[in-house]
Amino acid sequence: MKSSVTIVVPTYNERDNIVPLVEKIAKNLSRYNYEILFVDDNSSDGTAEEISSLKSKYPVRVIVREGEKGLATAVVRGFESAESDLLVVMDADLQHPPEIVPRLLDALERGSDLAIASRYVLGGGCDDWSGIRKAISRGAIILADITLPKARKVKDPMSGFFALKRKVITGVKLEPVGYKILLEVLMMGKWREVTEVPFKFQLRQQGKSKLNLNQQYEYLRHLWGLSVRSGEFKRFIKFCLVGGSGVLVNTGLLWLFTEKAGLFYALSSVIAIETSIITNYLLNHLFTFKDRRVPGAKAFILKMAKFNLVSLGGLIINIGILSFFTEIFGLYYLLSNLIGIAGATLWNYFVNNWWTWQDSNPV
Ligand SMILES: Nc1nc2c(ncn2[C@@H]2O[C@H](COP(=O)(O)OP(=O)(O)OP(=O)(O)O)[C@@H](O)[C@H]2O)c(=O)[nH]1
Ligand SMILES: [Mg+2]
């Protein structure tokens, strides 16, 4: 017998899927000592009763939550109640093929902390989805990649089908909103190694989808919450503060070289701009991205060169926006400039976050 596993399955009105799901899991996990833990949000179709009726034949358990709703929080409830060291999360509607579960567990036994059944690695997919659903899924991943750099470590941070070692979430406060429990685990959990196992998302067998527009809104709320809780929003604020200090350095030096050293103001400006880029780089290195520092002079210089290049792009964006709003819309140039600064700040932040400091992303 292999190690003990709890398969957490959130359910809401899935009665007709229960028997086929449990039978398939039993067939695939005979080598394991496992339990299927359903977390049901008081379904009205008899889902919990259907599960209970299987107790004598299969290792199933059901927790019924009353007055609470939501896929991801149901899974957290399951984690809290599970006793084994290995945890699996999957849907009840057989869109997540149980044949994949042993492969996820194998990856954990080979040393991974987290194993994700992924639609977006070679061999995976969701062929039956409409173009719109595919676009929404991709869009959601891009949004997460932009706002939460750690999500970029995997190709499918939105999968609802994955396995993890309990230690990943031990002592971690999970506060997901909506559907994306894996994103919460990826961002807040303590993991080092992750594996993605390809799988093809199946057509729903029975029952109805619970996915609706509200889920998109909840996803955005979840992203916001994760940005705050994981410290990524704080990082952005730090970056803006450093940018503000750069404006002071730039203005001060421009004045100093022009007034005191008698340099032509355009020449003073070149010196002032480059110096403020360097002070910004140093402060971001020591402060904003201090958790992503890599030792060595080579990395330091390379990052500084990248930072300079990104700043050049920011300058072009700033001037572009400034002239666009002033020339095309006749906006007062100082106002256009503020919009330009905002645009350049976003550019600088995201490109530096993605590129300059990306290779040393923390785990
Ligand atoms: N406990 C609980 N489970 C839920 C809730 N919403 C959905 N689920 C379950 O979560 C799983 C995934 O929900 P689905 O509606 O199938 O979502 P989906 O797979 O992304 O969408 P489809 O492809 O349209 O089926 C299923 O097992 C649902 O029964 C909820 O509010 N509470
Ligand atoms: Mg489904």
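1. What to know about the coordination of the magnesium ion (ligand 2)
Octahedral metal centres with six donors ideally show angles of 90 or 180 degrees, and tetrahedral centres with four donors ideally show 109.5 degrees.
Part 1: Ligation of the magnesium ion (ligand 2) by protein atoms is provided by Asp93 (OD) and Gln95 (OE1), these donors lying 1.8 to 2.0 Å from the ion. Comparing Asp93 with Gln95, the two get one shared label, buried.

2. So, the environment of His285
Part 1: Along the polypeptide, His285 turns up in helix H9 (residues 265–288).
Part 2: For the pair His285 and Ala299, spaced 14 residues apart in the sequence, the C-alpha separation amounts to 11 Å.
Part 3: The contacts of His285, once residues within four sequence positions are left out, are Lys290, Arg293, Phe300 and Trp357.

3. As for the site of ligand 1
Part 1: Close contacts around ligand 1 come from 21 residues, with Glu14, Asp41, Asp93, Ser209 and Lys210 the closest.
Part 2: In this structure, Asp41 approaches ligand 1 through a side-chain N or O atom, which is 2.6 Å from a nitrogen atom.
Part 3: For ligand 1, whose accessible area on its own is 620 Å², the fraction buried by protein is 94%.
Part 4: Secondary-structure elements contributing two or more residues to the shell around ligand 1 are strand E1 (2–11) and helix H3 (71–81).
Part 5: Here the residues of the shell around ligand 1 are counted per class, giving 9 nonpolar, 4 polar and 8 charged.

4. A few points about the nonpolar core
Part 1: Core analysis: the biggest nonpolar cluster contains 51 residues, and Ile7, Phe38, Leu105 and Leu183 have the highest contact counts within it.
Part 2: Apart from the residues within four sequence positions on either side, Leu183 is in contact with Ala144, Leu148, Ala151, Pro157, Met158, Tyr219, Leu223 and Leu226.
Part 3: If you look at the next biggest cluster of nonpolar residues, it comprises 27 residues, including Ile63, Val75, Val154 and Leu182.

5. Some words on the environment of Glu66
Part 1: Structurally, Glu66 can be placed in the loop between strand E3 (60–64) and H3.
Part 2: Using a relative accessible area of 62% as the deciding quantity, one classes Glu66 as exposed.
Part 3: Along the chain, Glu66 and Arg221 lie 155 residues apart, while their C-alpha atoms are 23 Å from each other.

6. With respect to the side chain of Asn17
Part 1: Residue placement: Asn17 occurs in helix H1 (residues 15–28).
Part 2: Take Asn17: its relative accessible area is 0%, and that puts it in the buried class.
Part 3: Here the side chain of Asn17 touches Glu14 through a polar contact of 2.8 Å, side chain to side chain.
Part 4: Apart from the residues within four sequence positions on either side, Asn17 is in contact with Ala92, Asp93, Leu94, Arg204, Gln205 and Gln206.

7. A closer look at helix H10 (residues 297–329)
Part 1: Across its 33 residues, H10 extends 47 Å between first and last C-alpha, which sits within 8% of the 48 Å expected from 1.5 Å per residue.
Part 2: Along H10, the residues that are buried comprise Lys303, Met304, Lys306, Phe307, Val310, Ser311, Gly313, Gly314 and Asn318.
Part 3: Each element contacted by the buried residues of H10 is listed here: helix H8 (232–260), H9 and helix H11 (333–356).
Part 4: Phi turns positive, to about 65°, at Gly330, one or two residues after H10.

8. Considering the pairing of E3
Part 1: Bridge analysis of strand E2 (residues 32–40) against E3 gives 5 bridges, and the strand direction is parallel. Paired with Leu37 across the two strands is Arg61, which belongs to E3.
Part 2: Following the chain from E2 across helix H2 (residues 47–52) to the adjacent parallel E3, one finds a crossover that is right-handed.

9. So, the pattern of salt bridges
Part 1: By the definition in use, this model includes 18 salt bridges.
Part 2: A salt bridge links Asp127 to Lys200; the nearest nitrogen and oxygen atoms lie 3.9 Å apart. With Asp127 in the loop between strand E5 (114–118) and helix H5 (131–147) and Lys200 in the loop between strand E7 (194–198) and helix H7 (213–229), this residue pair connects regions lying 73 residues apart in the sequence.
Part 3: Here Glu184 and Arg229 are joined by a salt bridge, their closest N and O atoms 2.7 Å apart. Here Glu184 is found in helix H6 (residues 181–188), whereas its partner Arg229 is found in helix H7, with 45 residues between them in sequence.

10. Focus: the domain arrangement of the protein chain
Part 1: Domain annotation for the protein chain reports domain 1 (2–229) and domain 2 (232–360).
Part 2: Each of domain 1 and domain 2 has a C-alpha centre, and these two points are 42 Å apart.
Part 3: On the domain 2 side, the residues contacting the 9 residues of domain 1 number 7 residues.
Part 4: Across the interface of domain 1 and domain 2, roughly 710 Å² is buried in total on both sides, 66% from carbon and sulfur atoms.
Part 5: Considering only the surface of domain 1 that becomes buried against domain 2, Ile146, Pro149 and Arg152 emerge as the three largest contributors, covering 57% of it.
Part 6: Seen at the junction of domain 1 and domain 2, the total is 0 salt bridges.

Reading the values: rules and limits
Residues numbered from 1 in each chain as written. Chains lettered and ligands numbered in written order. Predicted model: local features only at pLDDT ≥ 70, side-chain atom pairs only at ≥ 80, totals over all residues. Heavy atoms only, no water. Donors = N, O, S within 2.8 Å, 3.2 Å for Na, K, Ca; no water. Buried < 20%, exposed > 50% of the residue type's maximum accessible area, 1.4 Å probe, protein only. Helix = DSSP H or I, 4+ residues; strand = E, 2+ residues; numbered from the N terminus. Contact = heavy atoms within 4.5 Å. Near = heavy atom within 4 Å. Polar contact = N/O pair within 3.5 Å; in protein donor to acceptor, adjacent residues only side chain to side chain. Areas by Shrake-Rupley, 256 points an atom, 1.4 Å probe, with all protein chains shown as cover. Nonpolar A, V, L, I, M, F, W, Y, C, P; charged D, E, K, R; others polar. Core = buried A, V, L, I, M, F, W, Y, C linked by side-chain atoms within 4.5 Å. Expected span 1.5 Å × (residues − 1). Pairing = 2+ DSSP bridges. Right-handed = clockwise from strand over helix to strand, strands pointing away. Salt bridge = Lys/Arg side-chain N within 4 Å of Asp/Glu carboxyl O. Domains from an automatic or database assignment. Buried area = accessible area lost by both parts, 1.4 Å probe.

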